[in-house]
Amino acid sequence: MYQISISEIQRNLHHLDNFDIIEVIDKKRNKTKGYFIESKYASFVEELSQKVENSNQKQPSLKGILHRYADESKIQAEDGAWKQHISKKYSKHD
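Residues numbered from 1 in each chain as written. Predicted model: local features only at pLDDT ≥ 70, side-chain atom pairs only at ≥ 80, totals over all residues. Heavy atoms only, no water.

Caption draft 1: Expanded view of the sheet that holds strand 1 (residues 2-5). Spatially, the three strands line up as an open sheet ordered 1-2-3, and their pairing is mixed. Only two strands of the sheet have a single neighbouring strand rather than two, namely strand 1 and strand 3 (31-37). Put simply, the sheet's adjacent strands are angled 35° from each other on average, direction ignored. In terms of strand pairing, strand 2 (residues 21-26) meets strand 3 through six bridges, oriented antiparallel. Each bridged residue has a counterpart across the sheet, and for Ile21 the counterpart in strand 3 is Ile37. (Pairing = 2+ DSSP bridges. Helix = DSSP H or I, 4+ residues; strand = E, 2+ residues; numbered from the N terminus. Axes fitted to C-alpha atoms, helices over the stretch in contact; angles between N-to-C directions.)

The structure is reproduced here in structure tokens:
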């Protein structure tokens, strides 16, 4: 993949004409700033972006996954159990 710095783009914009994808780098910080992608790929990139965004929204949290398998009666019975355990544990040593 062809790399180009921001200052090179400013000085020589015509370098962007010869490539489909160009990685834009910040040479001072040695960091990738982004990519120039030819407009013919815009619809593909947008579609891919939507798929990634939708898959990220569908992934449940760990709490949600575990809650699905939890027994509701036990959850209510154990409410505050950890707090009680800690208070008993440290009250014995006083």
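Moving on from the coordinates now.
Caption draft 2: Representation of the nonpolar core. Ile4, Ile9, Leu16, Ile22 and Val24 together form the largest nonpolar core, which totals five residues. Discounting residues that sit within four places of it in the chain, Ile4 has contacts with Ile9, His15, Ile22, Glu23, Val24 and Ile25. (Core = buried A, V, L, I, M, F, W, Y, C linked by side-chain atoms within 4.5 Å. Buried < 20%, exposed > 50% of the residue type's maximum accessible area, 1.4 Å probe, protein only. Contact = heavy atoms within 4.5 Å.)

Caption draft 3: Representation of the pattern of salt bridges within the structure. Applying the stated criterion across every chain yields a total of four salt bridges. Of the charged contacts, one joins Arg29 and Asp26 as a salt bridge, the two residues approaching to 2.9 Å between their closest N and O atoms. The exposure class assigned to Arg29 is exposed, which follows from its relative accessible area of 60%. (Salt bridge = Lys/Arg side-chain N within 4 Å of Asp/Glu carboxyl O.)

Caption draft 4: Fine view of a nonpolar patch on the surface. Side chains of Ile21, Tyr35, Ile37, Phe44, Val45, Leu48 and Val52 sit close together on the surface and give an oily, nonpolar patch of about 630 Å² of accessible area. Of all elements in the fold, only strand 3 and helix 2 (42-58) reach the threshold of two or more residues within the nonpolar patch. With respect to the helices and strands, the residue Phe44 is situated in helix 2. (Patch = residues over 30% accessible without salt bridge, like charges linked within 9 Å, V, L, I, M, F, W, Y side chains within 5 Å. Areas by Shrake-Rupley, 256 points an atom, 1.4 Å probe, with all protein chains shown as cover.)

Shape is all these values report; function is a separate question.
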